[in-house]
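These are the residues of each chain, in order.
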Amino acid sequence: MGKRMDEAIKRYKEIQEKNLLGGGIEHIERQHRRGKLTARERIEKFIDPGTFNEMGSCVGTTGMRMDGRVPVAPCDGAVVGTAKVHDRLIMIYASDFTVLGGSTASQHLMKYAQSLIMAARWGIPMINLLDSSGGRLGYADVISAGIDWHFRLQSLYSGVIPQITVLMGPCIAGGAYLPTLCDFLLMSRVSANMWLGGPRQTQAATSEKFDRNVGGADYHMQFSGSADMVEDSDEESIAQCRELIRYLPQNFRERPPGWERKDDRNREVKALEGLVPDDFDETYDMHDVIKMLVDDGEFLEIKDEYAKNLITCFCRFDGESVGLAANNPKYPGSILEVNACDKYYRFLQVLDAYNIPLVNLVDTPPVVPGESEEARGLLRHIGKIVDVYATTTVPKISVVLREAYADSGSMIMGALKSMGADLAYAWPIARFAVEASELDYRQVYGKGIEDDAYEAYLNRSREKVDVFNVGHAWTAQVIDEIILPKDTRRKIIEALAVTRNKKEKLPSRAKTHSSPPT
């Protein structure tokens, strides 16, 4: 080699060595003391060993501080590249908190934006390992540094490739839009916080003081519903993300990968008859039913501490990835309300975008009315569920275990064929009705109510229709078949097999989307 090549190689190696240290040993040690991994450690934990191909490793900051000093910023605080997870290609972006607090400026954001464009072009998932203090304030850079551009890109490629964020540090102000625009957000309990305005910003702007736990992982799981999964550490959050990817396709053109079939597809589940009470006033935990039905009893729940009266999870039937939505009578009576509608709506959007079949396990009374829920826009939320269920084109299979009442059970949980369910089954104890109440309306309205009105409408609305009466009239086409509880797993697998080649096109319209309630 010539002298010029020797010098170039030496320079290259020096840059790579500096990159490995990020912001330096002192900052790496501080990161570890906080219970956090560094950006490169997170990547190595996440990917298949030896598969990372970095891009933009020689990029450094071009920004200058207002005082004229140029900071040292290896990779400009953004480590990006391709890798493999479960032997499938992904694009990965990790913000490096040891470099200027993981703050974002034009080169940093350009690396992210270009990696997202390439991921969409190549049809591979985009994974964000986020730990950033926000915009790099105080530097001679454009005010937004291109962050508006990458928000637009995220929105354009939503539903094109899976976008997943694992949040393992602070996420503040405009930067907090990034994880909320993704398909899934996983948060580390030990390190993640997400605010539009953090405690100090909020106090400066409004004088309001609030605890740091507001904006933490549990807060966004239990109250805001922004988090999809919460784990106790960086390592556990990363492991859960690896598991989540197993249920998703590479892009919107593909189906989720099939996995090894270990569980007998014809397995009977006789224990279901004793698990689910035939007294409708008794509760049970639908999680136990799901464990008995799915392959090997394994499922991955989404938003498990949010709107607990509705379960949304990924699972497998005969090796096929499925999205399962189920009412849970344990919390409280499986009644759907505004939060459950939001949870259900988002889940259906993701399933339809990525060609994942939907299975509904139905056991619910009607949506409960009341001043509080009405004020929160209950009708709007029910409307958007009606819209998304009716326009979802993936295979839709429903099983009514006990109750399917009115709008909640019969309509938006897919127990009515006319709403677009491909196959609807019901157990022999199932019953259908307009409402669940057993109250004599004359006790509410008083003696002034006419007897014929009571009999013709108010009383009739509370009648419970036995599943055999429903099944007697094929013209009603409410259900396709009454099945025994022990055959539920086999019937779901058969339904998934016969609907696998389903092709459904929505009516042509100028735009690719409808105009549902928000």
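The structure under discussion appears in the preceding block.
Let's shift gears to the side chain of S191. Relative to the helices and strands, S191 is located in the loop between β7 (184–188) and β8 (193–195). For S191, a relative accessible area of 10% corresponds to the buried category. A polar contact of 3.1 Å, which involves the side chain of S191, links it to the backbone oxygen of M168. Reaching out from S191, the side chain makes a polar contact with the side chain of S188 at a distance of 3.2 Å.

Bringing a positive patch on the surface into the picture now. A contiguous patch of positive charge, built from R33, R34, R200 and R212, is present on the exposed surface. Residue position: R33 is located in helix α2 (residues 25–33). Owing to a relative accessible area of 63%, R33 belongs among the exposed residues under this scheme.

Once that is clear, we can look at the pattern of salt bridges. Pairs may arise between side chains of opposite charge once their charged atoms sit close together. Scanning the entire structure with this criterion turns up 31 salt bridges. The salt bridge partner of D48 is R242, with a shortest N-O separation of 3.5 Å. Remark: R242 occurs in helix α9 (residues 234–245) and D48 occurs in the loop between α3 (39–46) and β1 (53–55); sequence separation between them is 194 residues. Relative accessible area serves as the criterion here: at 15%, D48 is assigned to the buried category. Across the salt bridge formed by E494 and K491, the nearest N and O atoms sit 3.9 Å from each other.

Counted at 1.5 Å a residue, the expected span for α9 with its twelve residues is 16 Å, and the 17 Å between its end C-alpha atoms agrees. All buried positions along α9 are accounted for by D234, S237, I238, C241, R242, L244 and I245. End-on, the buried residues of α9 take up no more than an arc of 160°, which puts them together on one face.

Next up on the list: unusual backbone geometry. Although it is not a glycine, D76 adopts a positive phi angle of roughly 55°. Mapping D76 onto the fold places it in the loop between β1 and β2 (78–85). Positive phi outside glycine occurs at A307, with the angle close to 50°. Following the sequence through the fold, A307 ends up in the loop between β10 (299–302) and β11 (310–317).

Here we take up the sheet that holds strand β5 (residues 163–167). Pairing in this open sheet of seven strands is mixed, and the strands run β1-β2-β3-β4-β5-β7-β9 from one edge to the other. The outermost strands of the open sheet, each flanked by one partner alone, are β1 and β9 (229–231). Mean inter-strand twist for the sheet, computed between neighbouring axes without regard to direction, equals 20°. Alignment of β7 against β9, held across three bridges, turns out to be parallel. Looking across to β9, one finds that L186 is bridged to M229. Contacts from α3 reach β1, β2, β3 (88–95) and β4 (126–130), with the element oriented near 160° to β3. On top of the sheet, α9 reaches β2, β3, β4, β5, β7 and β9; it is set at about 160° to β7, its chief contact.

Thresholds, definitions, all that
Position numbers for residues start from 1 in each chain and track the written sequence from start to end. Reporting of local features is limited, given that this is a predicted model, to residues whose pLDDT is at least 70; pairs of side-chain atoms are given and counted only at 80 or more, and all residues count toward the totals for whole chains, interfaces and linings. In computing side-chain values, all of the structure's heavy atoms are included and hydrogens and water are not. Counting from the N terminus, the helices are DSSP H or I runs at least four residues long and the strands are E runs at least two residues long. Three exposure classes are used, based on accessible area relative to the maximum for each residue type with a 1.4 Å probe and protein chains only: buried under 20%, partly exposed in between, and exposed over 50%. Whenever two N or O atoms come within 3.5 Å, that pair is a polar contact, provided that in protein one can donate a hydrogen and the other can accept it, and provided that, for residues adjacent in sequence, both atoms are side-chain atoms. Patch membership needs two things, relative accessible area over 30% and no salt bridge, and members are linked within 9 Å if like-charged or within 5 Å if nonpolar (Val, Leu, Ile, Met, Phe, Trp, Tyr). Using the Shrake-Rupley algorithm and a 1.4 Å probe, accessible areas are obtained, with residue cover drawn only from the displayed protein chains. The salt bridge criterion pairs a side-chain nitrogen of Lys or Arg with a carboxyl oxygen of Asp or Glu, the two atoms within 4 Å. Within this scheme the basic residues Lys and Arg register as positive and the acidic residues Asp and Glu register as negative, but His and the chain ends are omitted. Where a charge sits is defined by one atom per residue type, namely NZ (Lys), CZ (Arg), CG (Asp) or CD (Glu). By definition here, a helix of n residues has an expected span of 1.5 Å times n minus one. In this context, the arc is that of the directions from the helix axis out to the C-beta atoms. Any two strands are treated as partners once DSSP identifies two or more bridges connecting them. Axis lines are fitted through C-alpha atoms, for helices just across the contact stretch, and the angle between N-to-C directions can take any value from 0 to 180 degrees. Contacts are residue-level and defined by heavy atoms, with any inter-residue pair within 4.5 Å sufficient.

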